[in-house]
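Examination of the molecular architecture
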Amino acid sequence: MSDSTAQLQRPETAMTAQPEVQESAQATASESGSPLEITEFLSKTSAPIEIKEFDAEGRLPPFPHLFWHPLKAFAWVIRCLFGLASLIFMLAVVSAIPVVNFLALGYLLEVEGRLGRSGKLRDAFPLLGIAPRIGSIALGIWLWLIPLRLLSSAAADASLIDPGGPAATALRVLTPLAWAGITLHLCLALARGGSLGCFVRPLKNVLWLIGKIRTGSYLETASKQIRDFVSRLKLKHHFLLGLRGFAGAFLWLIIPTLFYAAARQSEGPQILATVFGGFLLVLAFAWVPFLQAHFAAQNRFGAFRELRTIRELFRHAPFAWLIAVILIYVLALPLYLFKIVLPPADAMWGVTLVFIISIYPARVVTGWAYGRAVRRQKAGLRSWFITRLFVRLLMLPLIAAFVFLMFFTQFIGEEGKLELFQHHAFLLPWPMFLTQ
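Residues numbered from 1 in each chain as written. Predicted model: local features only at pLDDT ≥ 70, side-chain atom pairs only at ≥ 80, totals over all residues. Heavy atoms only, no water.

Now for the environment of A92. Examined against the element boundaries, A92 turns out to sit in helix 5 (residues 70-95). Assessed through its relative accessible area of 0%, A92 is described here as buried. Distance from A92 to L353, taken between C-alpha atoms, is 4.6 Å for residues 261 residues apart in sequence. (Helix = DSSP H or I, 4+ residues; strand = E, 2+ residues; numbered from the N terminus. Buried < 20%, exposed > 50% of the residue type's maximum accessible area, 1.4 Å probe, protein only.)

Here it is, written out as structure tokens:
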């Protein structure tokens, strides 16, 4: 008997040297009947390393080491850029749909809340890990619809040129067959997970379907893929967050805006009401962004009543709040310019795309400023009174200038006085319910 075999026959010696490896090896050997020495000395690095597409929170995995894994780092960057473009496009499309656009507002509030709680920029894109899959689904469906459009157009032209000819007859038969085949292919691609590879390999989709039908697991696998994907979007959470965030900001802004929009002529008591409304709007605009961030971080509707808490937080990070206020209102002004002439309803997503690109950075900076104030308050770091006074003296005139410019949007916008009530920086990215 060899020395290695004799050593394997002495379990007490092996368990003393490597107790955990021996126990796992014995369990493997008893279940599969494989030799003990193969399981015991199997290297852990022999298993393939897999990078997950997203983590439990829907975020991208950590950035791979650029020196040790350059290809994985390059793939991470490409996927991140594609995911960011897909995310912005998805939010733009959602913002153009009435009622559904509460999802877009909820996502923007989620960005503020995550940054306010953690202070990490990585949390500013909570769905960025899932966005590449959304983009691949949209791109795959759009590409496969192109041949259907061309085929339908050719069939319509043939029926007009030669109604009973062979070309018109063939195209009339081929078009529904193509529709059925491409529809089946798209359904199978979605059932397999919706990655870009699933859309470009129709034969593999058919073979996958045959295999699943034979094992009787097609419905279970397809439903699981769809359920897992939809659950990571957190549609209910984002919708309710957007709905409550809209309601809280609306309650703060509706009364000042009513006064501000009261004037119908350039003289008389209505002008006094407008001036009073403008003064109230300046005060509201100074606190509403951070009240929304406070609500998003706490996920409590009662957070909108805690103005004293927000005022105290301002004392701990005044310059951060000044940066956030400047960015919010500078980026809000172009939103009104794009509504001088409203596009058709089917092209509205092009306008909301500009809105999302403008609003998103403002939400990120607002969440950062709120989170910085919270952390400095916990650390007992409070700014000097002179610093706070200087920031107030600088911030209030800037907000007053924005309110003054906003007054004239009712004269250049297609919606008239409704422009004053929309407040895209705080309410819906595109308040379609006011324009339908």
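On we go from here.
Applying the stated criterion across every chain yields a total of 24 aromatic pairs. Taken together, the ring pairs connect Y260, F404, F407, F408 and F411 into an aromatic cluster. (Phe/Tyr/Trp six-rings, centres within 6.5 Å; stacked < 30°, edge-to-face > 60°.)

We now examine helix 11 (residues 218-233). When the terminal C-alpha atoms of helix 11 are compared, their 23 Å separation across 16 residues agrees well with the 22 Å that a helix rising 1.5 Å per residue should span. For helix 11, the set of buried residues is A222, F229 and L233. Buried residues of helix 11, viewed axially, fall in a sector of 55°; they line one side. Exposed side of helix 11, more than 90 degrees from the buried face: E220 and R227 are the residues found there. Close packing links the buried residues of helix 11 with helix 7 (131-161), helix 8 (166-191) and helix 12 (235-260). One or two residues past the end of helix 11 sits K234, with phi positive at roughly 55°. (Expected span 1.5 Å × (residues − 1). Arc of directions from axis to C-beta. Contact = heavy atoms within 4.5 Å.)

With that settled, consider the environment of A262. Assignment of secondary structure puts A262 in the loop between helix 12 and helix 13 (269-298). Excluding residues within four positions of it along the chain, A262 makes contact with Q270, A273 and T274.

Our focus in this paragraph is the nonpolar core. Judged by nonpolar contacts, the single largest core of 55 residues is most densely connected at F285, I310, W321, Y329, I399, M406 and F426. Put simply, the parts of the chain that give this core at least two residues each are helix 6 (101-118), helix 12, helix 13, helix 14 (307-314), helix 15 (318-337), helix 16 (348-378) and helix 17 (385-407). In terms of residue count, helix 13 provides more of this core than any other element does, 13 residues in total. Non-local contacts of F426, meaning those with residues more than four positions away in its chain, are made with L105, A249, L253, F285, V288, P289, Q292, I328, Y329 and R363. (Core = buried A, V, L, I, M, F, W, Y, C linked by side-chain atoms within 4.5 Å.)

Below, the discussion takes up the packing of helix 12 against helix 13. The geometry of a pair of packed helices is captured by two quantities: the angle between their axes and the separation between those axes. Running from N to C, helix 12 and helix 13 cross one another at 165°; their axes reach a closest spacing of 7 Å. In terms of axis orientation, helix 12 runs roughly antiparallel to helix 13. Between helix 12 and helix 13 the crossing geometry is right-handed. Grouping the constituent residues of the contact of helix 12 with helix 13 by class yields 16 nonpolar, six polar and one charged. (Axes fitted to C-alpha atoms, helices over the stretch in contact; angles between N-to-C directions. Parallel < 35°, antiparallel > 145°, perpendicular 65-115°, else oblique. Left-handed = near helix turned anticlockwise from the far one by under 90°. Nonpolar A, V, L, I, M, F, W, Y, C, P; charged D, E, K, R; others polar.)

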